[in-house]
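Next come the chains, spelled out residue by residue.
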Amino acid sequence: MSPAPASAHPTSEPAAGGPAAPESRPATAREATPSEATAGEPAGDGALPGRGLRVLAVTNMWPVGGSFRGVFVEEQVQALRKLGAHVDVEVVAQARGRRDYLLAAPRLRRRVREGNYDIVHIHHGMCALACRFIGDVPRVLGLYGHDINWHWQRWITKLGWGPIPDRLYLTKRMAAAAGEPDGPIIPNGVDFEVFAPGDRDAARARFGFKPEDKVILFGGVPSNWVKGHDVFTDVLAALRQRGLPVQEFVLPEPGQDRHQTAAKFLAADVLLFTSRKGFEGSPTVVKEATAMNLPVVTTDVGDVAEILSGVHPSAVVEWPEPWGTPEARARLVADLADQVEKVLAVGTRSNGREQNAWLAWDRIGAKIIEYYRDVIARHASRRSSRGPRGVSAR
(Lines give C-alpha, C1' and ligand atoms only; values in the text may rest on other atoms or scores of the structure.)
Protein backbone atom coordinates (compact mmCIF):
# COMPACT_ATOMS: atom_id res chain seq x y z
CA MET A 1 0.00 0.00 0.00
CA SER A 2 1.57 3.26 -1.05
CA PRO A 3 1.95 5.98 1.59
CA ALA A 4 -0.34 8.95 1.66
CA PRO A 5 1.28 12.00 0.14
CA ALA A 6 2.65 14.65 2.44
CA SER A 7 0.59 17.77 2.59
CA ALA A 8 2.47 21.04 2.68
CA HIS A 9 0.77 23.87 4.49
CA PRO A 10 2.03 27.24 3.28
CA THR A 11 2.18 29.40 6.36
CA SER A 12 0.28 32.20 4.70
CA GLU A 13 -2.79 30.19 5.77
CA PRO A 14 -4.88 31.30 9.03
CA ALA A 15 19.34 17.47 23.89
CA ALA A 16 24.48 12.18 26.10
CA GLY A 17 23.01 13.32 29.29
CA GLY A 18 22.15 16.53 27.55
CA PRO A 19 20.88 18.11 24.37
CA ALA A 20 22.00 17.62 20.80
CA ALA A 21 25.60 17.76 19.70
CA PRO A 22 27.25 21.17 20.08
CA GLU A 23 27.23 23.53 17.15
CA SER A 24 29.72 26.29 16.50
CA ARG A 25 28.76 29.67 17.85
CA PRO A 26 30.10 33.19 18.24
CA ALA A 27 33.68 33.27 19.45
CA THR A 28 33.09 36.72 20.90
CA ALA A 29 30.58 35.54 23.50
CA ARG A 30 31.84 35.43 27.08
CA GLU A 31 32.84 31.96 28.20
CA ALA A 32 31.57 30.82 31.58
CA THR A 33 33.38 28.88 34.25
CA PRO A 34 31.57 25.78 35.58
CA SER A 35 30.19 27.90 38.41
CA GLU A 36 29.48 31.32 37.02
CA ALA A 37 28.68 33.82 39.76
CA THR A 38 28.77 37.08 37.84
CA ALA A 39 25.23 38.33 37.69
CA GLY A 40 24.88 42.06 37.81
CA GLU A 41 21.74 44.16 37.76
CA PRO A 42 21.27 47.12 35.47
CA ALA A 43 21.31 50.47 37.14
CA GLY A 44 18.35 52.72 36.59
CA ASP A 45 14.59 52.47 36.70
CA GLY A 46 13.30 50.62 39.77
CA ALA A 47 10.16 49.81 37.78
CA LEU A 48 11.98 47.11 35.80
CA PRO A 49 9.88 43.93 36.18
CA GLY A 50 12.76 41.85 37.55
CA ARG A 51 13.98 44.38 40.10
CA GLY A 52 14.72 42.72 43.45
CA LEU A 53 14.43 39.16 42.08
CA ARG A 54 17.33 36.78 42.80
CA VAL A 55 17.52 33.82 40.41
CA LEU A 56 19.85 30.84 40.18
CA ALA A 57 19.91 29.26 36.71
CA VAL A 58 21.09 25.64 36.75
CA THR A 59 21.96 24.30 33.30
CA ASN A 60 23.87 21.64 31.38
CA MET A 61 23.83 23.92 28.33
CA TRP A 62 26.19 26.88 28.36
CA PRO A 63 28.32 28.18 25.46
CA VAL A 64 32.06 27.67 25.92
CA GLY A 65 34.94 27.21 23.51
CA GLY A 66 33.23 28.62 20.42
CA SER A 67 30.13 26.42 20.68
CA PHE A 68 26.47 27.27 20.06
CA ARG A 69 25.46 24.83 22.82
CA GLY A 70 23.06 26.60 25.15
CA VAL A 71 23.31 30.03 23.51
CA PHE A 72 19.55 30.39 24.09
CA VAL A 73 20.09 29.90 27.85
CA GLU A 74 22.79 32.55 27.86
CA GLU A 75 20.54 34.94 25.92
CA GLN A 76 17.70 34.32 28.36
CA VAL A 77 19.98 35.07 31.31
CA GLN A 78 21.12 38.29 29.64
CA ALA A 79 17.50 39.29 28.95
CA LEU A 80 16.48 38.73 32.57
CA ARG A 81 19.41 40.80 33.79
CA LYS A 82 18.45 43.65 31.46
CA LEU A 83 14.97 43.51 33.02
CA GLY A 84 16.45 44.04 36.49
CA ALA A 85 16.80 40.51 37.85
CA HIS A 86 19.96 39.30 39.57
CA VAL A 87 20.83 35.99 37.87
CA ASP A 88 23.64 33.61 38.81
CA VAL A 89 24.48 30.57 36.69
CA GLU A 90 25.59 27.11 37.84
CA VAL A 91 26.74 24.78 35.07
CA VAL A 92 26.18 21.06 35.64
CA ALA A 93 28.02 18.28 33.75
CA GLN A 94 29.62 19.61 30.53
CA ALA A 95 33.34 19.84 31.42
CA ARG A 96 32.81 17.82 34.60
CA GLY A 97 31.28 14.88 32.73
CA ARG A 98 28.04 12.96 33.20
CA ARG A 99 28.79 11.93 36.77
CA ASP A 100 28.19 15.54 37.76
CA TYR A 101 24.45 15.00 37.26
CA LEU A 102 24.67 13.27 40.66
CA LEU A 103 27.81 14.82 42.15
CA ALA A 104 26.47 18.36 41.66
CA ALA A 105 23.79 17.88 44.36
CA PRO A 106 25.82 19.02 47.41
CA ARG A 107 27.38 21.87 45.43
CA LEU A 108 23.94 23.11 44.39
CA ARG A 109 22.52 22.76 47.89
CA ARG A 110 25.38 24.81 49.31
CA ARG A 111 25.02 27.47 46.63
CA VAL A 112 21.28 27.81 47.21
CA ARG A 113 21.81 28.05 50.96
CA GLU A 114 24.42 30.80 50.56
CA GLY A 115 22.78 32.65 47.68
CA ASN A 116 19.45 33.64 49.27
CA TYR A 117 17.66 33.05 45.96
CA ASP A 118 13.99 33.72 45.38
CA ILE A 119 13.77 30.99 42.73
CA VAL A 120 15.88 28.34 40.99
CA HIS A 121 15.34 27.83 37.25
CA ILE A 122 16.49 24.35 36.22
CA HIS A 123 17.26 24.30 32.50
CA HIS A 124 16.87 20.76 31.07
CA GLY A 125 15.37 17.72 32.76
CA MET A 126 18.73 15.98 33.15
CA CYS A 127 19.63 18.59 35.80
CA ALA A 128 16.49 17.96 37.85
CA LEU A 129 17.83 15.03 39.86
CA ALA A 130 20.71 17.08 41.27
CA CYS A 131 18.19 19.73 42.33
CA ARG A 132 15.84 17.45 44.27
CA PHE A 133 17.45 18.18 47.64
CA ILE A 134 18.50 21.82 47.43
CA GLY A 135 16.14 22.95 50.17
CA ASP A 136 12.77 24.62 50.43
CA VAL A 137 13.15 27.12 47.60
CA PRO A 138 10.77 27.70 44.68
CA ARG A 139 11.90 25.81 41.58
CA VAL A 140 10.98 25.87 37.91
CA LEU A 141 11.94 22.98 35.64
CA GLY A 142 12.39 24.12 32.03
CA LEU A 143 12.07 21.32 29.46
CA TYR A 144 13.83 21.57 26.10
CA GLY A 145 13.08 18.57 23.89
CA HIS A 146 15.60 15.77 24.29
CA ASP A 147 14.67 15.48 27.97
CA ILE A 148 11.11 14.66 26.89
CA ASN A 149 11.52 13.10 23.44
CA TRP A 150 14.41 10.69 24.08
CA HIS A 151 13.11 7.78 26.15
CA TRP A 152 16.11 7.35 28.48
CA GLN A 153 16.41 11.07 29.14
CA ARG A 154 12.66 11.23 29.70
CA TRP A 155 12.99 8.51 32.36
CA ILE A 156 15.78 10.38 34.17
CA THR A 157 13.88 13.66 33.85
CA LYS A 158 10.76 12.22 35.46
CA LEU A 159 12.86 10.65 38.22
CA GLY A 160 14.15 14.10 39.05
CA TRP A 161 11.06 16.23 38.69
CA GLY A 162 9.04 14.53 41.45
CA PRO A 163 9.27 17.35 44.04
CA ILE A 164 9.16 20.14 41.42
CA PRO A 165 5.50 21.03 40.85
CA ASP A 166 6.17 23.91 38.45
CA ARG A 167 7.38 23.10 34.94
CA LEU A 168 7.83 25.29 31.89
CA TYR A 169 7.61 24.08 28.29
CA LEU A 170 8.77 25.57 25.02
CA THR A 171 5.87 24.19 22.95
CA LYS A 172 2.38 22.74 23.20
CA ARG A 173 3.63 19.56 21.55
CA MET A 174 6.28 19.13 24.23
CA ALA A 175 3.80 19.70 27.06
CA ALA A 176 1.48 17.08 25.60
CA ALA A 177 4.35 14.60 25.22
CA ALA A 178 5.22 15.12 28.88
CA GLY A 179 1.65 14.31 29.92
CA GLU A 180 0.82 17.91 30.86
CA PRO A 181 -1.13 19.25 27.84
CA ASP A 182 -2.25 22.34 29.75
CA GLY A 183 1.23 23.11 31.07
CA PRO A 184 2.63 26.66 30.82
CA ILE A 185 4.42 27.49 27.56
CA ILE A 186 7.03 30.18 26.96
CA PRO A 187 9.34 29.68 23.96
CA ASN A 188 12.88 30.96 23.75
CA GLY A 189 13.25 34.41 22.28
CA VAL A 190 15.38 36.08 19.60
CA ASP A 191 17.84 38.96 19.78
CA PHE A 192 16.03 41.38 17.46
CA GLU A 193 18.94 43.83 17.56
CA VAL A 194 21.43 41.34 16.11
CA PHE A 195 18.98 39.52 13.86
CA ALA A 196 17.60 42.40 11.85
CA PRO A 197 17.16 42.96 8.08
CA GLY A 198 20.01 44.74 6.32
CA ASP A 199 21.95 45.10 3.07
CA ARG A 200 21.43 41.80 1.20
CA ASP A 201 23.62 42.72 -1.76
CA ALA A 202 26.57 43.38 0.54
CA ALA A 203 25.95 40.15 2.43
CA ARG A 204 25.83 38.09 -0.75
CA ALA A 205 29.00 39.71 -2.07
CA ARG A 206 30.71 39.03 1.25
CA PHE A 207 30.15 35.29 0.85
CA GLY A 208 30.88 35.18 -2.88
CA PHE A 209 27.38 34.57 -4.26
CA LYS A 210 26.35 35.83 -7.68
CA PRO A 211 23.02 37.64 -8.14
CA GLU A 212 21.51 34.69 -10.01
CA ASP A 213 22.47 32.10 -7.37
CA LYS A 214 19.65 30.59 -5.34
CA VAL A 215 21.15 30.25 -1.87
CA ILE A 216 19.63 27.57 0.35
CA LEU A 217 20.66 27.77 4.01
CA PHE A 218 21.24 24.67 6.17
CA GLY A 219 20.71 25.63 9.80
CA GLY A 220 22.76 22.98 11.61
CA VAL A 221 26.07 21.19 11.70
CA PRO A 222 25.96 18.66 8.81
CA SER A 223 27.43 15.91 11.00
CA ASN A 224 24.56 16.23 13.49
CA TRP A 225 22.26 13.38 12.41
CA VAL A 226 19.19 14.99 13.98
CA LYS A 227 19.37 17.93 11.56
CA GLY A 228 18.82 15.71 8.50
CA HIS A 229 21.57 16.92 6.20
CA ASP A 230 21.01 13.85 4.01
CA VAL A 231 17.45 14.99 3.34
CA PHE A 232 18.67 18.55 2.72
CA THR A 233 21.17 17.44 0.06
CA ASP A 234 18.57 15.23 -1.62
CA VAL A 235 16.18 18.20 -1.84
CA LEU A 236 18.88 20.33 -3.44
CA ALA A 237 19.65 17.54 -5.92
CA ALA A 238 15.95 17.39 -6.85
CA LEU A 239 15.87 21.16 -7.37
CA ARG A 240 18.96 21.05 -9.61
CA GLN A 241 17.26 18.38 -11.69
CA ARG A 242 14.47 20.91 -12.21
CA GLY A 243 17.00 23.42 -13.57
CA LEU A 244 17.31 25.63 -10.47
CA PRO A 245 20.90 26.81 -9.74
CA VAL A 246 20.67 26.23 -5.97
CA GLN A 247 23.73 26.64 -3.77
CA GLU A 248 24.17 25.03 -0.35
CA PHE A 249 25.12 27.40 2.47
CA VAL A 250 25.85 26.12 6.01
CA LEU A 251 24.95 28.42 8.89
CA PRO A 252 27.25 27.29 11.78
CA GLU A 253 30.98 27.82 11.45
CA PRO A 254 33.81 27.61 14.03
CA GLY A 255 34.76 31.01 15.41
CA GLN A 256 31.72 32.71 13.92
CA ASP A 257 30.22 35.64 15.81
CA ARG A 258 26.51 36.43 15.95
CA HIS A 259 26.75 39.25 13.43
CA GLN A 260 28.30 36.92 10.87
CA THR A 261 25.49 34.46 11.59
CA ALA A 262 22.98 37.22 10.89
CA ALA A 263 24.80 38.09 7.65
CA LYS A 264 24.33 34.52 6.45
CA PHE A 265 20.58 34.83 6.97
CA LEU A 266 20.73 38.01 4.88
CA ALA A 267 22.66 36.34 2.07
CA ALA A 268 20.35 33.32 1.81
CA ASP A 269 17.15 33.05 -0.24
CA VAL A 270 15.48 30.45 1.96
CA LEU A 271 16.16 28.42 5.11
CA LEU A 272 15.51 24.74 4.44
CA PHE A 273 15.11 23.07 7.84
CA THR A 274 15.12 19.28 7.57
CA SER A 275 15.31 18.04 11.16
CA ARG A 276 14.14 14.52 11.85
CA LYS A 277 10.79 13.67 13.36
CA GLY A 278 10.48 13.65 17.14
CA PHE A 279 13.70 15.38 18.22
CA GLU A 280 13.25 19.16 18.09
CA GLY A 281 11.78 21.31 20.81
CA SER A 282 11.59 24.90 19.61
CA PRO A 283 14.29 25.40 16.96
CA THR A 284 15.94 28.76 17.48
CA VAL A 285 17.26 28.95 13.92
CA VAL A 286 13.70 29.06 12.53
CA LYS A 287 12.81 31.96 14.81
CA GLU A 288 16.01 33.83 13.94
CA ALA A 289 15.22 33.38 10.25
CA THR A 290 11.78 34.95 10.70
CA ALA A 291 13.35 37.89 12.54
CA MET A 292 15.51 38.42 9.44
CA ASN A 293 12.48 38.08 7.12
CA LEU A 294 14.10 35.02 5.55
CA PRO A 295 11.51 32.60 4.11
CA VAL A 296 11.53 29.14 5.72
CA VAL A 297 10.60 25.71 4.39
CA THR A 298 10.66 23.09 7.13
CA THR A 299 9.63 19.65 8.20
CA ASP A 300 6.88 19.62 10.83
CA VAL A 301 8.97 19.50 14.00
CA GLY A 302 8.75 21.21 17.37
CA ASP A 303 6.70 24.41 17.29
CA VAL A 304 7.51 25.47 13.72
CA ALA A 305 3.84 25.37 12.71
CA GLU A 306 3.01 27.97 15.37
CA ILE A 307 6.11 30.09 14.71
CA LEU A 308 5.41 30.17 10.96
CA SER A 309 1.66 30.69 11.24
CA GLY A 310 0.87 33.76 9.17
CA VAL A 311 4.44 34.04 7.86
CA HIS A 312 4.66 34.12 4.08
CA PRO A 313 6.24 33.08 1.89
CA SER A 314 7.13 30.02 3.99
CA ALA A 315 5.83 26.47 4.41
CA VAL A 316 5.64 23.59 6.88
CA VAL A 317 5.70 20.16 5.24
CA GLU A 318 3.93 17.33 7.04
CA TRP A 319 5.41 13.86 7.41
CA PRO A 320 4.13 11.34 4.85
CA GLU A 321 2.39 8.38 6.44
CA PRO A 322 3.21 5.70 7.17
CA TRP A 323 6.53 7.29 8.08
CA GLY A 324 9.69 5.19 8.04
CA THR A 325 9.51 3.68 4.55
CA PRO A 326 11.73 4.61 1.58
CA GLU A 327 8.59 5.71 -0.28
CA ALA A 328 7.65 8.10 2.52
CA ARG A 329 11.13 9.60 2.58
CA ALA A 330 11.06 10.09 -1.21
CA ARG A 331 7.67 11.80 -0.88
CA LEU A 332 9.05 14.10 1.83
CA VAL A 333 12.01 15.10 -0.35
CA ALA A 334 9.69 15.84 -3.29
CA ASP A 335 7.28 17.88 -1.16
CA LEU A 336 10.11 19.91 0.38
CA ALA A 337 11.51 20.57 -3.09
CA ASP A 338 8.05 21.68 -4.30
CA GLN A 339 7.76 24.20 -1.47
CA VAL A 340 11.30 25.56 -1.89
CA GLU A 341 10.63 26.02 -5.60
CA LYS A 342 7.42 27.94 -4.81
CA VAL A 343 9.22 30.21 -2.34
CA LEU A 344 12.00 30.91 -4.83
CA ALA A 345 9.41 31.71 -7.52
CA VAL A 346 7.84 34.35 -5.26
CA GLY A 347 11.27 35.94 -4.92
CA THR A 348 10.56 38.15 -1.91
CA ARG A 349 11.49 38.25 1.75
CA SER A 350 8.89 37.17 4.30
CA ASN A 351 6.83 39.14 6.82
CA GLY A 352 8.28 37.08 9.67
CA ARG A 353 9.74 39.93 11.71
CA GLU A 354 6.43 41.75 11.94
CA GLN A 355 4.49 38.54 12.55
CA ASN A 356 6.80 37.32 15.33
CA ALA A 357 7.69 40.58 17.07
CA TRP A 358 6.41 38.96 20.28
CA LEU A 359 9.53 36.71 20.25
CA ALA A 360 11.89 39.60 21.08
CA TRP A 361 13.83 38.70 24.23
CA ASP A 362 12.58 41.70 26.21
CA ARG A 363 8.99 40.46 25.78
CA ILE A 364 9.84 36.81 26.43
CA GLY A 365 11.92 37.80 29.45
CA ALA A 366 9.02 39.78 30.92
CA LYS A 367 6.77 36.70 30.55
CA ILE A 368 9.36 34.54 32.33
CA ILE A 369 9.64 37.01 35.21
CA GLU A 370 5.85 37.10 35.53
CA TYR A 371 5.85 33.30 35.66
CA TYR A 372 8.60 33.31 38.30
CA ARG A 373 6.51 35.57 40.53
CA ASP A 374 3.49 33.28 40.12
CA VAL A 375 5.61 30.27 41.11
CA ILE A 376 6.99 32.10 44.14
CA ALA A 377 3.46 33.03 45.25
CA ARG A 378 2.21 29.43 44.86
CA HIS A 379 5.21 28.15 46.80
CA ALA A 380 4.48 30.57 49.64
CA SER A 381 0.85 29.47 49.65
CA ARG A 382 1.86 25.79 49.85
CA ARG A 383 4.24 26.52 52.73
CA SER A 384 1.51 28.40 54.55
CA SER A 385 -0.95 25.54 54.11
CA ARG A 386 1.57 23.05 55.49
CA GLY A 387 2.08 25.06 58.65
CA PRO A 388 5.07 24.60 60.99
CA ARG A 389 7.27 21.50 60.48
CA GLY A 390 5.30 20.57 57.38
CA VAL A 391 2.06 19.90 59.29
CA SER A 392 -1.06 20.81 57.34
CA ALA A 393 -2.65 24.00 58.60
CA ARG A 394 -6.08 22.82 57.49
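Residues numbered from 1 in each chain as written. Predicted model: local features only at pLDDT ≥ 70, side-chain atom pairs only at ≥ 80, totals over all residues. Heavy atoms only, no water.

Draft legend 1. Molecular detail of the overall build of the chain. Helix and strand counts for the chain come out as 13 helices and 12 strands. Accessible surface, the chain: about 16,800 Å² in total, of which carbon and sulfur atoms supply 54%. (Helix = DSSP H or I, 4+ residues; strand = E, 2+ residues; numbered from the N terminus. Areas by Shrake-Rupley, 256 points an atom, 1.4 Å probe, with all protein chains shown as cover.)

Draft legend 2. Inspection of the pattern of salt bridges at higher detail. Taken as a whole, this structure holds 22 salt bridges when the rule is applied. A salt bridge links Glu90 to Arg107, with the shortest nitrogen-to-oxygen separation between them at 2.6 Å. Of this pair, Glu90 sits in strand β4 (residues 86–91) while Arg107 sits in helix α2 (residues 100–115); the two residues are 17 residues apart in sequence, bridging distant segments of the chain. Since its relative accessible area comes to 15%, Arg107 is described here as buried. Note that Arg329 is salt-bridged to Asp230, the shortest N-O span being 3.1 Å. Of the two residues, Arg329 sits in helix α11 (residues 326–346) while Asp230 sits in helix α7 (residues 229–241), which places them 99 residues apart along the sequence. Assessed through its relative accessible area of 26%, Arg329 is described here as partly exposed. (Salt bridge = Lys/Arg side-chain N within 4 Å of Asp/Glu carboxyl O. Buried < 20%, exposed > 50% of the residue type's maximum accessible area, 1.4 Å probe, protein only.)

Draft legend 3. Summary view of the confidence of the model for the chain. Across the chain, the average pLDDT comes to 86, with 86% of residues at 70 or higher. Scored below 50 in pLDDT, residues 1–38 makes 140 contacts in the model with residues more than four places away or belonging to other chains. (pLDDT = per-residue confidence, 0-100. Contact = heavy atoms within 4.5 Å.)

Draft legend 4. Just the nonpolar core, in detail. With 114 residues, the main nonpolar core has Ile216, Phe265, Leu272 and Val286 as its most contacted residues. If sequence neighbours within four positions are ignored, Ile216 has contacts with Phe232, Leu236, Val246, Gln247, Glu248, Phe249, Val270, Leu272, Val340 and Leu344. (Core = buried A, V, L, I, M, F, W, Y, C linked by side-chain atoms within 4.5 Å.)

Draft legend 5. Just the packing of helix α1 (residues 71–82) against helix α13 (residues 361–386), in detail. One can describe the packing of α1 onto α13 by two numbers: an axis separation of 9 Å at closest approach and a directional angle of 75°. In terms of orientation, α1 and α13 fall into the roughly perpendicular class. Across from Phe72, Glu75, Gln76, Ala79 and Leu80 in α1, the residues of α13 making contact are Trp361, Gly365, Ile368, Ile369 and Tyr372. Grouping the constituent residues of the contact of α1 with α13 by class yields seven nonpolar, two polar and one charged. (Axes fitted to C-alpha atoms, helices over the stretch in contact; angles between N-to-C directions. Parallel < 35°, antiparallel > 145°, perpendicular 65-115°, else oblique. Nonpolar A, V, L, I, M, F, W, Y, C, P; charged D, E, K, R; others polar.)

Draft legend 6. Quick look at the side chain of Ser314. With respect to the element layout, Ser314 can be found in the loop between α10 (304–307) and β12 (315–317). Among the residues examined, Ser314 registers a relative accessible area of 5% and is labelled buried. Among the polar contacts listed, one links the side chain of Ser314 to the backbone nitrogen of Val296, at a separation of 2.9 Å. (Polar contact = N/O pair within 3.5 Å; in protein donor to acceptor, adjacent residues only side chain to side chain.)

Draft legend 7. Spotlight on the packing of aromatic side chains. Under the counting rule described, the total for this entry stands at seven aromatic pairs. Relative to Phe232, the ring of Phe218 has its centre 4.9 Å away and its plane inclined at 65°; by these criteria the two rings are edge-to-face. With Phe218 in strand β8 (residues 214–218) and Phe232 in helix α7, the pair connects residues that are 14 residues apart, well separated along the chain. Lying across the ring of Trp161, Arg167 places its NZ or CZ 4.1 Å from the centre. (Phe/Tyr/Trp six-rings, centres within 6.5 Å; stacked < 30°, edge-to-face > 60°. Lys NZ or Arg CZ within 6 Å of the ring centre and 35° of its normal.)

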